[in-house]
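Structure at a glance
Here's the letter readout for the chains.
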Amino acid sequence: MKIIKRFANWSWRAISRIFYLFLGLTFYFALTSPNLILGDNKVLGTGTTMITTVGLLILGSVALALWAFAALRHFLKKIFIEKRQITAWVCLGFVVLLQIWFVTIFHPAVGFDVGAIHQGLIDPDQAELRAYFSIYPNNLWLLLVQNFLAERSGTTAWLFFDYVTLFLVDLSMVFNLFTVKVLAPRQVPTAVYCHALWLGCFPWIVVPYSDTWVLPLVSGYLLTYVIWRHSQLPNLVKIIAAGCSGILVVNAYFLKPSALIPVVAILIGELVQLARRFSTKSDQSLLGQKFWSHCLIILALWSGFAGSYFTIQRTLQQQTYLTLQPGREMTAWNYFSMGLSGVGGYNGQDVLALNRLPSKKARTAYSQKLIRQRLKKHGFIGYLRFLFNKQRANTADGTFAWVKEGHFFAEEGVPEQKGAIGQLRNLFYLNGRYLGDFRFWAQLIWISGLTVIFLGWRRRDLITQILRLTFIGGCLFLLIFEGGRSRYLIQFLPIFLLLIPLLGPTALAQWQRLFSWQKIDFSEPTPLVISPKKESTQPAGTMMEK
């Protein structure tokens, strides 16, 4: 038992060390990203404009004013800290209204995989679409869900599905806030500020794809896990939450299989925690007292899981909406070999070569041959260098690879300058005038979030370690299989958005220790009091003599 506990304690420390290895690389890559280049940007082709220059001047002026004027510090402290229970929600409400306006004005037709799924809603009998979904059957469940919504609403317009995406992203935000409410109620205003800042620079709400649609499922099963495992709510609520966990996990798997990485992290974290604590008699007796409640929770969890899995699996097998060619789907070996080419991202030549092969067995053998060739070509040192550069491509970009997919929008010309729609196109289109400004500020926000997580290294409770383990699993998954762009990080955003408020107090304390020499006092300034001059009791002549 002592050996098991010792190994568990070592594993607990190893999680933190491996996490900060990956996070340290991500932080370094984010700081050295070309998104931060001011002015002309020869790397990305689109530089910043006077908008960023003026914004930085305003930001610097505010920082200087905070350092110089105690009254201003006290005023802002009163609004954003002392009244944070009100101010945070006002900021979030404003951002939600801004989102609605943004989607209403800006809802372009999207290309790449999103365009293929949308075309499947309009003309599913196309031979190209049947071939696409035969190769990528993981997108079939998303197509069927979108088709269900299209039939109920009577429209396949991009605007409708962008509104659905907006709703799902904001639903993920609601689930995250409830999770923080259960774990750390005092940090809810911080979480609200964090989500308002994130949603304010997240244009992916106009991309109705599995990256964004899976967010409420991931946030949802994290919330239900926290309820049935870490809350003091009644047992009936915990049992219902466990059943919902199983349903949400299965739907997340069929929508985006890699969304199960947090589930694996939960299992590993719970096992390690059990090994660390079960050696004591008090924990054993406590487990015995809650034995039947634990059995009911596990039963509800597996009932929701099994029921949802067999229901969705039967729906996919019996669907007649789209005819698929069996045996044409991409396998893990195919994604593994693709992840070793170029920068580790999508390889069109590999896909074309695989499609020419007649059977699944032949495609697997071909991919295994490519894996051996590419590993031999890299060599040991070269492969480490390749992984280093791939980690940069996977995690550095704070825009999450916005407009970096091939044929991102259906319209790819130079946008017009007129009206609100013209300005938004210039801000978010590939050839837009202000795209460099968006990249710069999104990168600053990404770096700010990573800084908070980096400084919170002292906290090592179970939930924090599970969230860290999820990030480790996500990095390993993207390093092994197809990656090469930070769009795949979107599915892990709930992890970052939970870590930031949970680690906020620890990070703040660490920041104050590091910069205690330059501490700014936000307390209310003491008014200057001039004491009245006391009259002298000595004769005037005596004073003159002195």
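Residues numbered from 1 in each chain as written. Predicted model: local features only at pLDDT ≥ 70, side-chain atom pairs only at ≥ 80, totals over all residues. Heavy atoms only, no water.

**Looking at the overall build of the protein chain**
Counting its secondary structure elements, the protein chain contains 23 helices and zero strands. Expressed as a percentage of its 546 residues, the buried residues of the protein chain come to 47%. For the protein chain, contacts bridging at least 24 residues in sequence account for 81% of all contacts bridging at least 6. Working note: accessible area of the protein chain is about 28400 Å², and carbon and sulfur atoms make up 67% of it. Computed over 52 positive and 26 negative side-chain charges, the inter-centroid distance for the protein chain is 13 Å. (Helix = DSSP H or I, 4+ residues; strand = E, 2+ residues; numbered from the N terminus. Buried < 20%, exposed > 50% of the residue type's maximum accessible area, 1.4 Å probe, protein only. Contact = heavy atoms within 4.5 Å. Areas by Shrake-Rupley, 256 points an atom, 1.4 Å probe, with all protein chains shown as cover. Lys, Arg positive; Asp, Glu negative; His and termini not counted. Charge placed at Lys NZ, Arg CZ, Asp CG, Glu CD.)

**Concerning helix α13 (residues 261-277)**
End to end, α13 covers 24 Å across 17 residues, agreeing with the expected 24 Å (1.5 Å per residue, within 8%). Listing the buried residues of α13 in full gives I261, P262, A265, I266, G269, E270, V272, Q273 and A275. Looking at the buried residues of α13, the elements they touch are α1 (2-31), α11 (215-230), α21 (462-480) and α22 (493-514). (Expected span 1.5 Å × (residues − 1).)

**Details of the packing of aromatic side chains**
Here the structure, examined in full by the defined rule, presents 39 aromatic pairs. Relative to W228, the ring of Y225 has its centre 5.5 Å away and its plane inclined at 85 degrees; by these criteria the two rings are edge-to-face. In this pair, Y225 and W228 both sit in helix α11, three residues apart, roughly one turn of the helix. Judged by its relative accessible area of 4%, Y225 falls in the buried class. Seen from their ring centres, F477 and F481 are 5.1 Å apart, and the 50 degrees between their planes marks the pair as tilted. In textbook terms, an aromatic cluster arises when at least three aromatic residues are bridged by ring pairs, as seen for F102, F106, F112, W204, Y209, W402, F408, F409, F428, Y429 and F438. The aromatic ring of Y488 is capped on one face by R487, whose charged end is 4.8 Å from the ring centroid. (Phe/Tyr/Trp six-rings, centres within 6.5 Å; stacked < 30°, edge-to-face > 60°. Lys NZ or Arg CZ within 6 Å of the ring centre and 35° of its normal.)

**What about the pattern of salt bridges?**
For the coordinates displayed, the defined rule picks out eleven salt bridges. With its nearest N and O atoms 3.0 Å apart, the salt bridge here joins K404 to D397. By relative accessible area, which is 6% here, D397 ends up buried. Measuring nitrogen to oxygen at the nearest pair gives 2.4 Å for the salt bridge that ties D461 to R459. (Salt bridge = Lys/Arg side-chain N within 4 Å of Asp/Glu carboxyl O.)

**Things to note about the side chain of D170**
Topologically, D170 is positioned in helix α8 (residues 158-183). Buried D170, no salt bridge; nearest opposite-charge side chain is R487, N-O distance 19 Å. A polar side-chain atom of D170 sits 3.3 Å from a polar atom in the side chain of Q99. Once residues within four sequence positions are removed from consideration, D170 is found in contact with V96, Q99 and L199. (Polar contact = N/O pair within 3.5 Å; in protein donor to acceptor, adjacent residues only side chain to side chain.)

**Focus on the nonpolar core**
Core analysis: the biggest nonpolar cluster contains 130 residues, and F202, V207, W402 and L493 have the highest contact counts within it. When residues in this core are grouped by element, the largest group, ten residues, is from α11. Not counting residues within four places of it along the chain, the set of residues in contact with W402 comprises P203, W204, V206, V207, D397, F408, F409, F428, L435, F438 and R439. (Core = buried A, V, L, I, M, F, W, Y, C linked by side-chain atoms within 4.5 Å.)

**Some points on the side chain of T212**
With respect to the element layout, T212 can be found in helix α10 (residues 210-213). Judged by its relative accessible area of 0%, T212 falls in the buried class. Within the local environment of T212, its side chain forms a polar contact with the backbone oxygen of Y209, the two atoms lying 3.0 Å apart. Setting aside its immediate chain neighbours within four residues, T212 contacts T165, V169, F202, W204 and V207.

**Thoughts on unusual backbone geometry**
Glycine aside, negative phi is the norm for most residues, and most peptide bonds take the trans geometry. Its identity as a non-glycine residue notwithstanding, A401 has a phi of 60 degrees, on the positive side. Judged by relative accessible area, which is 3%, A401 ranks as buried. Here V403, not a glycine, exhibits a phi torsion of approximately 55 degrees, which is positive. Note on placement: V403 falls in the loop between α18 (360-395) and α19 (419-428).

**What to know about the packing of helix α20 (residues 435-455) against α22**
In helix packing, the relevant descriptors are the interaxial angle and the interaxial distance, both defined with respect to the helix axes. For the pair α20 and α22, the least separation of the axes is 6 Å and the interaxial angle reads 70 degrees. The angle between α20 and α22 places the two elements in the roughly perpendicular class. Regarding α20 and α22, the two cross each other, and that crossing is left-handed. Residues W446, G449, L450, V452, I453 and L455 of α20 form the contact with α22, whose own contacting residues are F496, L499, I500, L503, G504, T506, A507, Q510, W511 and L514. Of the residues that constitute the contact of α20 with α22, the class distribution is twelve nonpolar, four polar and no charged. (Axes fitted to C-alpha atoms, helices over the stretch in contact; angles between N-to-C directions. Parallel < 35°, antiparallel > 145°, perpendicular 65-115°, else oblique. Left-handed = near helix turned anticlockwise from the far one by under 90°. Nonpolar A, V, L, I, M, F, W, Y, C, P; charged D, E, K, R; others polar.)

**A short note on the environment of D170**
Given a relative accessible area of 12%, D170 falls into the buried group. Distance from D170 to R276, taken between C-alpha atoms, is 37 Å for residues 106 residues apart in sequence.

**Overview of a nonpolar patch on the surface**
Where nonpolar side chains cluster on the molecular surface, the patch consists of M50, V54, I58 and V62 and spans about 360 Å² of accessible area. Inspection of the secondary structure assignment puts V62 in helix α2 (residues 50-68). A residue is classified by how much of its surface remains accessible, and V62, at 38% relative accessible area, is partly exposed. (Patch = residues over 30% accessible without salt bridge, like charges linked within 9 Å, V, L, I, M, F, W, Y side chains within 5 Å.)

**As for the confidence of the model for the protein chain**
Chain-level statistics for the protein chain give a pLDDT mean of 89 and a share of 92% at 70 or above. Mean pLDDT values for the elements of the protein chain range from 43 in helix α23 (residues 540-545) up to 97 in α8. (pLDDT = per-residue confidence, 0-100.)

**Thoughts on the environment of N176**
Following the sequence through the fold, N176 ends up in helix α8. Expressed as a C-alpha distance, the spacing of N176 and V188, which sit twelve residues apart in the sequence, is 9.7 Å. Beyond its immediate stretch of four places on either side in the chain, N176 contacts H195, S219, P494, L497 and L498. Among the polar contacts listed, one links the side chain of N176 to the side chain of S219, at a separation of 2.9 Å.

**Considerations on the packing of α2 against helix α3 (residues 70-82)**
It is at 5 Å that the axes of α2 and α3 come closest, and there the two elements cross at 110 degrees. Regarding the angle of α2 to α3, the classification is roughly perpendicular. For the pair formed by α2 and α3, the contact residues are A65, L66, W67 and A68 on the first element and A70, L72, R73 and L76 on the second.

**Focus: the environment of S231**
Its place among the elements puts S231 in the loop between α11 and α12 (235-255). Separated by 162 residues in sequence, S231 and F69 have C-alpha atoms that sit 44 Å apart. A polar side-chain atom of S231 sits 2.4 Å from the main-chain carbonyl oxygen of I227.

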